[in-house]
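# Architecture and fold: a report
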Amino acid sequence: MLPKNLHLGLSVWIFLIALSYLPYLSNAFECYQCNSTHSDECLEMFDPEMTNLVPTACNVVDTKYCIKITGAWGGVVGTQRFCSSRDMGNQCQYFGFDDHDRIYRGCSWTCDSERCNSSNRLSLSIFIFSLPLVLFLRKILFRS
């Protein structure tokens, strides 16, 4: 049987460790989310290592896809990235507006993995944070 104060300290550590894992156990799907009319960095092509854009958790129910569309809306040619529960496919179409003769090309691209690439959700920092607790518990619980 552990002393009462040690038991309380151990419970706090276990609670903190469990709490730190919650973001990794949730079903939060992350995608890049931006609109080029609001962000100069929301370009059609960008290098994630060279931009301030970061993937963010989706607030769409049953998100399964990250979408990128390019085209014209509101009279402006641009790019949007967002989350979706539907597969919009990979397609391009040409379209025009009644008020002028210019033809525009609009495209949508769909990917079905987070951030449009696979990743391991558990980070090294969680492992490093957990290691001292595991060693501590092992020492206390398996004393000879």
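Above this note sits the structure.
So, here's what we can say about the structure.

About the criteria used
Residues numbered from 1 in each chain as written. Predicted model: local features only at pLDDT ≥ 70, side-chain atom pairs only at ≥ 80, totals over all residues. Heavy atoms only, no water. Pairing = 2+ DSSP bridges. Helix = DSSP H or I, 4+ residues; strand = E, 2+ residues; numbered from the N terminus. Buried < 20%, exposed > 50% of the residue type's maximum accessible area, 1.4 Å probe, protein only. Contact = heavy atoms within 4.5 Å. Polar contact = N/O pair within 3.5 Å; in protein donor to acceptor, adjacent residues only side chain to side chain.

## What to know about the pairing of strand β5 (residues 76-84)
For strand β2 (residues 34-35) and β5, the ladder comprises 2 bridges, and the chain directions are antiparallel. Its bridge partner being in β5, C34 is matched across the sheet by R81. Sheet analysis places strand β4 (residues 65-73) next to β5, joined by 9 bridges and oriented antiparallel. The residue bridging G71 from the neighbouring strand is G78, located in β5.

## Thoughts on the environment of Q91
Residue placement: Q91 occurs in strand β6 (residues 91-96). The class of Q91 is partly exposed, set by a relative accessible area of 40%. Among residues more than four places away in sequence, those in contact with Q91 are G106, C107 and S108. A distance of 3.2 Å separates a polar side-chain atom of Q91 from the backbone oxygen of M88.

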